[in-house]
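Summary of the model geometry
Spelled out from the first residue to the last, the chains are:
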2 protein chains.
Amino acid sequence: MKRNTWQREAVREALVTADGFVSAQSLHSTLRDGGSPIGLATVYRALSDLTDGGEADSLQSMEGEALYRACTSGGHHHHLICRNCGLTVEIEADAVETWATSVAAANGFTQPQHIVDVFGLCAACSRAAAEQ
Amino acid sequence: MKRNTWQREAVREALVTADGFVSAQSLHSTLRDGGSPIGLATVYRALSDLTDGGEADSLQSMEGEALYRACTSGGHHHHLICRNCGLTVEIEADAVETWATSVAAANGFTQPQHIVDVFGLCAACSRAAAEQ
DNA sequence: GCGCAGTTGAGAATGATTGTCAAAATCAGC
DNA sequence: GCTGATTTTGACAATCATTCTCAACTGCGC
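**Some thoughts on the packing of helix H2 (residues 24-33) of chain B against helix H3 (residues 40-52) of chain B**
Helix packing for two helices is described by the angle between their axes and how far apart those axes are. All names here are of chain B. Between H2 and H3, the least distance of the axes is 10 Å, while the angle of their chain directions is 120°. By the angle between their axes, H2 is oblique relative to H3. For the pair H2 and H3, the crossing hand works out as right-handed. Counting all contacts with H2, which are made through Ala24, Gln25, Leu27, His28 and Leu31, the residues of H3 involved are Leu40, Val43, Tyr44 and Leu47.

**Here's the deal with the protein's contact with DNA strand D**
Taken together, 23 residues sit near DNA strand D, with Tyr44(A), Arg3(B), Thr5(B), Thr42(B) and Arg45(B) positioned nearest. Sugar plus phosphate, as a fraction of atoms of DNA strand D within 4 Å of the protein: 67%. Separating a phosphate oxygen of DNA strand D from a backbone N or O atom of Ala66(A) is a distance of 2.9 Å. Gln7(B) places a polar side-chain atom, nitrogen or oxygen, 3.0 Å from a sugar or linking oxygen of DNA strand D. Secondary-structure elements contributing two or more residues to the surface near DNA strand D are helix H2 (24-33) and helix H3 (40-52) of chain A together with helix H1 (6-17) and H3 of chain B. Looking at the surface near DNA strand D, the element that brings in the most residues is H3(A), giving four residues. Looking at the surface near DNA strand D residue by residue, the class counts come to nine nonpolar, six polar and eight charged.

**As for the side chain of His77(A)**
All names here are of chain A. With respect to the helices and strands, the residue histidine 77 is situated in the loop between strand S3 (66-70) and strand S4 (78-82). A residue is classified by how much of its surface remains accessible, and histidine 77, at 9% relative accessible area, is buried. A polar contact is formed between the side chain of histidine 77 and the side chain of aspartate 57, at a distance of 3.4 Å. Within the structure, histidine 77 has its side chain in polar contact with the side chain of histidine 79 (distance 3.5 Å).

**What to know about the pattern of salt bridges**
All names here are of chain A. For the structure shown, the criterion picks out eight salt bridges over all chains. Of the charged contacts in the structure, one is a salt bridge between arginine 12 and glutamate 9, with a shortest N-O distance of 3.3 Å. Residue arginine 12 and its partner glutamate 9 are located together in helix H1 (residues 6-17), separated by three residues, close to a single helical turn. Where salt bridges share partners, they join Glu9, Arg12 and Glu55 into one cluster.

**Concerning the protein's contact with DNA strand C**
Near DNA strand C lie 23 residues; those nearest to it are Arg3(A), Thr42(A), Arg45(A), Arg3(B) and Tyr44(B). The sugar and phosphate moieties of DNA strand C supply 62% of its atoms located within 4 Å of the protein. A distance of 2.6 Å separates a base nitrogen of DNA strand C from a polar atom in the side chain of Arg3(A). The separation between a phosphate oxygen of DNA strand C and a polar side-chain atom of Arg8(A) is 3.1 Å. Secondary-structure elements contributing two or more residues to the surface near DNA strand C are H1 and H3 of chain A together with H2 and H3 of chain B. Considering every element that reaches the surface near DNA strand C, the biggest residue donor is H3(B), with four residues. For the surface near DNA strand C, the residue count by class is nine nonpolar, six polar and eight charged.

Basis of the calculations
- Residues numbered from 1 in each chain as written.
- Chains lettered and ligands numbered in written order.
- Predicted model: local features only at pLDDT ≥ 70, side-chain atom pairs only at ≥ 80, totals over all residues.
- Heavy atoms only, no water.
- Axes fitted to C-alpha atoms, helices over the stretch in contact; angles between N-to-C directions.
- Helix = DSSP H or I, 4+ residues; strand = E, 2+ residues; numbered from the N terminus.
- Parallel < 35°, antiparallel > 145°, perpendicular 65-115°, else oblique.
- Left-handed = near helix turned anticlockwise from the far one by under 90°.
- Contact = heavy atoms within 4.5 Å.
- Near = heavy atom within 4 Å.
- Polar contact = N/O pair within 3.5 Å; in protein donor to acceptor, adjacent residues only side chain to side chain.
- Nonpolar A, V, L, I, M, F, W, Y, C, P; charged D, E, K, R; others polar.
- Buried < 20%, exposed > 50% of the residue type's maximum accessible area, 1.4 Å probe, protein only.
- Salt bridge = Lys/Arg side-chain N within 4 Å of Asp/Glu carboxyl O.

What follows is the structure, encoded as structure tokens:
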């Protein structure tokens with residue numbers, strides 16, 4: 001059975017409120033700072049429940065941390081992430097989907113899964129970086 | 001100054017010999033098993049030197065480990081990796097390159113970097129899996 | 001209110017990776 | 001070949017994200 005606890009709700013809420021991708025760690029401190037004495041293990045559990053249920057999205061940052069984000073569209077999509085401020089843009093990538101599938105098939109591979117993410121500096125951060 | 005030690009050579013050698021992507025850990029045990037009393041820290045150092053120097057390629061597996069492989073072509077390329085046996089095929093991805101660049105630009109992002117890797121089951125492993 | 005199975009949380013455990021630092025190995029010059 | 005300065009090594013500790021453990025707790029159906 002699946003229970004509804006304020007902890008799970010709090011994690012979902014914090015994830016939706018967060019703007020870009022956030023790490024489990026920072027989500028945890030955000031929650032603690034917001035006055036919720038929630039445990040780190042619980043945050044991890046809630047996050048993996050959410051991702052399993054398709055309500056959240058996860059990816060590995062370039063530094064190797066796992067990052068999470070509330071999933072706006074249920075479907076499959078990819079991300080364009082600002083590596084400075086974490087701003088995230090969801091991108092449609094039909095072209096990449098079909099490319100991945102066909103290149104896999106061409107080499108005899110089956111059950112293709114792909115990791116496709118683009119990191120860069122968003123407009124604002126690019127400007128800020130240029131000014132220095 | 002950069003010195004040539006047998007340890008560094010051994011790591012390069014082991015990396016070239018390995019067929020697909022290998023983790024630093026397994027590279028280390030392979031070397032120890034092969035009779036080289038090399039230290040784990042040294043393997044990590046050698047690997048990051050190699051990747052910095054463009055002689056090796058690294059990526060994160062789906063399980064979060066860092067995997068390394070000797071880079072055959074100096075240029076930029078992506079990989080199609082068998083998630084069962086580690087067999088790796090280097091793939092040309094000009095289409096993806098330009099897609100990544102243009103989608104980044106379209107959203108005001110600069111300095112795009114992208115992670116594009118396809119995992120699947122190679123022909124042999126697909127067959128083996130089907131037989132069970 | 002009761003009982004109990006799912007859930008929590010503090011801390012320990014894990015596992016990959018990086019830092020530390022004394023000892024050993026390498027290279028350049030003699 | 002020998003010397004000395006300097007880099008590199010390697011055993012071990014430290015770190016960091018994540019997962020596990022397990023006793024205490026709690027939501028939910030009765």
